[in-house]
Amino acid sequence: YFAAYLPDGGDEAKANLELLQSARPLARVDLELAAPDAERRIQHVSRIPIDQLAAGTYELRVIVRQGQTAVSQSVTFRVAE
């Protein structure tokens, strides 16, 4: 889950979800975002199938773009055997 707050006006927002391990990209998915609400907020829920991931440490990164501006946030998680 993430929430993105957009400035007034501007281009449509686009987002990607990336899965990395040891700074190497393993997967990248374009996300289909809903229209912003009255507060210019977009809320999005997504999931990844972790049952296919080998044990190890991973980084999940979300990148939201609007025009020439991009913002990213990431979280690290571990899959145990």
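As the structure is a computational prediction, the values presented were derived from the model and not from experiment.

## Looking at the pattern of salt bridges
Okay, step 1: This model, assessed by the stated rule, comprises five salt bridges.
Okay, step 2: The residue Glu59 makes a salt bridge to Arg61 at a minimum N-O spacing of 3.4 Å.
Okay, step 3: The class of Arg61 is partly exposed, set by a relative accessible area of 23%.

## Things to note about the environment of Val62
Okay, step 1: Structurally, the position occupied by Val62 is in strand S5 (residues 56-66).
Okay, step 2: By relative accessible area, Val62 is classed as buried at 16%.
Okay, step 3: In contact with Val62, not counting residues within four places along its chain, are Phe2, Asn16, Leu17, Val71, Ser72 and Gln73.

## Side note on the sheet that holds strand S2 (residues 13-21)
Okay, step 1: Strands sit in the order S3-S2-S5-S6 across an open sheet of four strands; the sheet is antiparallel. The sheet terminates laterally at strand S3 (24-31) and strand S6 (69-79), the two strands that pair on one side only. This sheet shows a mean twist of 20 degrees between the axes of neighbouring strands, independent of strand direction.
Okay, step 2: Where S2 lies against S3, seven bridges are found, and the strand directions are antiparallel. Within the sheet, the bridge partner assigned to Leu20 lies in S3 and is Pro25.

## Remarks on the pairing of S5
Okay, step 1: In the sheet, S2 pairs with S5 via eight bridges, with the strands oriented antiparallel. Bridge pairing links Asn16 to Ile63 in S5.
Okay, step 2: From the end of S5 to the start of S6, which pair antiparallel, there are two residues, and Gly67 there has a positive phi angle of about 65 degrees.

What counts, and at which threshold
Residues numbered from 1 in each chain as written. Predicted model: local features only at pLDDT ≥ 70, side-chain atom pairs only at ≥ 80, totals over all residues. Heavy atoms only, no water. Salt bridge = Lys/Arg side-chain N within 4 Å of Asp/Glu carboxyl O. Buried < 20%, exposed > 50% of the residue type's maximum accessible area, 1.4 Å probe, protein only. Helix = DSSP H or I, 4+ residues; strand = E, 2+ residues; numbered from the N terminus. Contact = heavy atoms within 4.5 Å. Pairing = 2+ DSSP bridges. Axes fitted to C-alpha atoms, helices over the stretch in contact; angles between N-to-C directions.

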